[in-house]
Amino acid sequence: MKEKFGKFLASEKKKLAGMDRRQKIAYLAEYYWLWALGIFGGLFMAVYILWHAFFTVKDYRFYVLFVNAPIEASQEIGNRSALRQGFIDRMGYDLKEGMVEFGTASYFNAAVDGGTNNSYFQSFVAVVEAGHLDAAVMEEDNLKAVGAAGRFLDLSRGEAADLFAPYADRFVYAVPYDTEYSEDPVPVGIDISDSDLGRMGVYEDGCVLGIGAYSSHPEDVKAFLEYIGAEGRQP
Amino acid sequence: MEGSIARQRMNKILTHIVLIIMSFIMLVPFAWMILTALKTNQESISVNPFYILPHNGWHWENFATVWKSYNFLILYKNTLLMIFWRVVCACLTATMAGYAFGRLKFPGKSFLFSLVLIQMMVPAQIFIIPQYLMVSNMGMLNSMFGLVFPGLVTAFGTYLLKTGYEGLPKDLEEAAMIDGCNIGQRFTRIMMPLTRSSMVSLGIFTAVFAFKDLMWPMIVCTNATTTTLSAGLAKMQGQYGSEYPTMMAAATLAVLPMVIIYVIFQKQFVEGIATSGGKL
């Protein structure tokens, strides 16, 4: 292969040797425009990707998703809401360093159909698995079903146990599908029905907050809980 | 003899009646969407089947409401750009890969092509998380590249074009080789133009699937200025969930580009479906 390529290269050099500059350009354009296009396209892509990889905001500083939030709620709790702006101000987030997402376009009920064939549920799973989702607010039965599949942090273990201990009396439990992990119910959510979200009437039948299983900012979730007025008790 | 002709004519008339009825049934959802978009909310939720047309005037302002609430020009721009780049990338990569798999001999060809086939056998949802992580790590969330990313290469297109190239006679390529064409010239000047119909099919399929794609734009583009029509509509569902006329006005506006594309490329659409044997 190497030898064949060497021979090919030598023969092309020989052909080019007998040509003037204009003829060389015409020859290369005629026979190698596709290669030139490929190299140019490849280089452009490489530069474009590297530029974005190094110079654009790529991480979420805080990502909360309000699942099945009713119609008007996006104005009150979504990305254009005063609630989001208030939290950004309170936490002092710099939006040039990380994005803050208060998502409302998510509609599924894992308790009913396990999220099967539901694009919203699948995108929810992607965001959780990517470790971007910090918290999700939804109805209790929905959260239990999602939590049982291990997509919410177990609030009785590790760092979360200390961090969310003040909310122990509000814990919502689910029995994990993975029986090797636990056969007993584990806390997967915090009831926030009496918080501002409850008072705003966003979730009429109450709501529960779960912390993303791979969240990098559980301490920010705690700050969010305090921000929306879900008070914890000192253990 | 006369009886046979009369029977044939009767069959023809009956066939046409059935086809006309079926056509009307196919059009009902579109007609319902447009008529609902012009009603008041109360009219739209009326269960009376005789309330087909708006009773209290034609409410064109529903279109104005959604047009003002959501910047449709940006949604159109994002959607059309995404479709354009996905079609360009899919056709470019698929035609090259199809030619390589269909006409060239190289070590590991069967193994590599089996990898392509495996990709077709696996549900697309499985790729969502790795693709999302890749786009996220490249810093491409909320960007056009992020939207186009899953469409950069296509296993279906590679397969379609491979079969297209395989169906072409070898003599053509050999004649070009004798005339002094190198591999690039044989590919671009001789072989590629002959797979035009397969490329058109692929382009149409890619365009329709890109237009319908909901999940990917919803994941990678959370920003209102970078999202597409399908994801924008999903968000509107949250905003106008019980205001059916507004929702339907948004849906009507959303399908407009596809209707225009279909009207322009109607012949190619039909040919494309016939060539690939697929359904849209």
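Since the model is a prediction, treat every value here as computed from it, not as a measurement. (Residues numbered from 1 in each chain as written. Chains lettered and ligands numbered in written order. Predicted model: local features only at pLDDT ≥ 70, side-chain atom pairs only at ≥ 80, totals over all residues.)

Visitor: Even after reading the chapter, I still don't get the domain arrangement of chain B, so can you show me in this structure?
Guide: Much of the literature gives interface size as the accessible area that the parts lose upon coming together. Residue and element names in this part refer to chain B. What the domain assignment lists for chain B is domain 1 (2-63) and domain 2 (72-276). One C-alpha centre belongs to domain 1, the other to domain 2; they are set 33 Å apart. Across the contact, 12 residues belong to domain 1 and 9 residues belong to domain 2. Those elements giving two or more residues to the side of domain 1 that touches domain 2 turn out to be α1 (2-37), α2 (41-44) and α3 (61-69). (Domains from an automatic or database assignment. Contact = placed C-beta atoms within 7 Å. Helix = DSSP H or I, 4+ residues; strand = E, 2+ residues; numbered from the N terminus.)

Visitor: What am I meant to see in the pairing of strand β5 (residues 186-191) of chain A here?
Guide: Looking along a regular strand, one sees the side chains alternate between the two faces of the sheet. Residues and elements named next belong to chain A. Where burial is concerned, most of β5 is hidden: 5 out of the 6 residues are buried. In the sheet, strand β4 (residues 171-174) pairs with β5 via 4 bridges, with the strands oriented antiparallel. Directly across from Ala174, in β5, lies its bridge partner Val186. As paired strands, β5 and strand β6 (residues 208-211) are joined by 2 bridges and run antiparallel to one another. Its bridge partner lying in β6, Ile190 is registered against Leu209. (Buried ≥ 20, exposed ≤ 12 C-beta atoms within 10 Å, placed from the backbone. Pairing = 2+ DSSP bridges.)

Visitor: Help me understand the packing of helix α8 (residues 155-166) of chain B against helix α11 (residues 196-212) of chain B, please; the structure alone is not making it clear to me.
Guide: Between two packed helices, both the angle of their axes relative to each other and the distance between the axes serve to describe the pair. Residue and element names in this part refer to chain B. Here α8 crosses α11 at 165°, and the two axes come no closer than 9 Å. Comparing the axis directions of α8 and α11 gives the class roughly antiparallel. Between α8 and α11 lies a crossing whose hand is right-handed. Residue-level contacts link Gly157, Leu160, Leu161 and Gly164 of α8 to Ser198, Ser201 and Leu202 of α11. Considering only residue class, the contact of α8 with α11 consists of 3 nonpolar, 4 polar and no charged. (Axes fitted to C-alpha atoms, helices over the stretch in contact; angles between N-to-C directions. Parallel < 35°, antiparallel > 145°, perpendicular 65-115°, else oblique. Left-handed = near helix turned anticlockwise from the far one by under 90°. Nonpolar A, V, L, I, M, F, W, Y, C, P; charged D, E, K, R; others polar.)

Visitor: Sorry if this is basic, but what is going on with the interface of chain A and chain B here?
Guide: Taken together, the 24 residues of chain A in the interface contact 28 residues of chain B. Looking at the side of chain A that touches chain B, the elements with two or more residues in it are α2 (21-55), β2 (99-103) and α6 (119-129) of chain A. At 8 residues, the largest contribution of residues to the side of chain A that touches chain B is made by α2 of chain A. Here the residues of the side of chain A that touches chain B are counted per class, giving 13 nonpolar, 8 polar and 3 charged.

Visitor: For this particular structure, what's the right way to read unusual backbone geometry?
Guide: Trans peptide bonds make up the majority, and among non-glycine residues the majority have a negative phi. Backbone geometry places Asn68 of chain A, a non-glycine residue, at a positive phi of 55°. Positionally, Asn68 of chain A belongs in the loop between β1 (60-66) and α3 (73-77). On the neighbour-count criterion, Asn68 of chain A (19 C-beta atoms within 10 Å) is partly exposed. In the Ramachandran plot, Asn142 of chain B falls in the positive-phi region, its phi being about 60° despite a non-glycine side chain. The residue Asn142 of chain B is located in the loop between α6 (125-137) and α7 (144-148) in this model.

Visitor: Mind showing me how you'd approach the domain arrangement of chain A here?
Guide: Each assigned domain of chain A is listed here: domain 1 (2-55) and domain 2 (60-227). Distance between the C-alpha centres of domain 1 of chain A and domain 2 of chain A: 52 Å.

Visitor: Just checking my understanding: could you explain helix α10 (residues 183-194) of chain B for this structure?
Guide: Every α-helical turn comprises 3.6 residues, leaving residues that sit three or four positions apart pointing alike. Residue and element names in this part refer to chain B. For α10, spanning 12 residues, the distance from its first C-alpha to its last is 16 Å, which sits close to the expected 16 Å at 1.5 Å a residue. Listed as buried for α10 are Arg186, Phe187, Met191 and Met192. Taken around the axis of α10, the buried residues stretch over an arc of 130°, which confines them to a single face. Opposite the buried face of α10, at more than 90 degrees from it, the exposed residues are Arg189 and Pro193. Of the surrounding secondary structure, the elements contacted by the buried residues of α10 are α4 (72-103), α8 and α9 (170-178). (Expected span 1.5 Å × (residues − 1). Arc of directions from axis to C-beta.)

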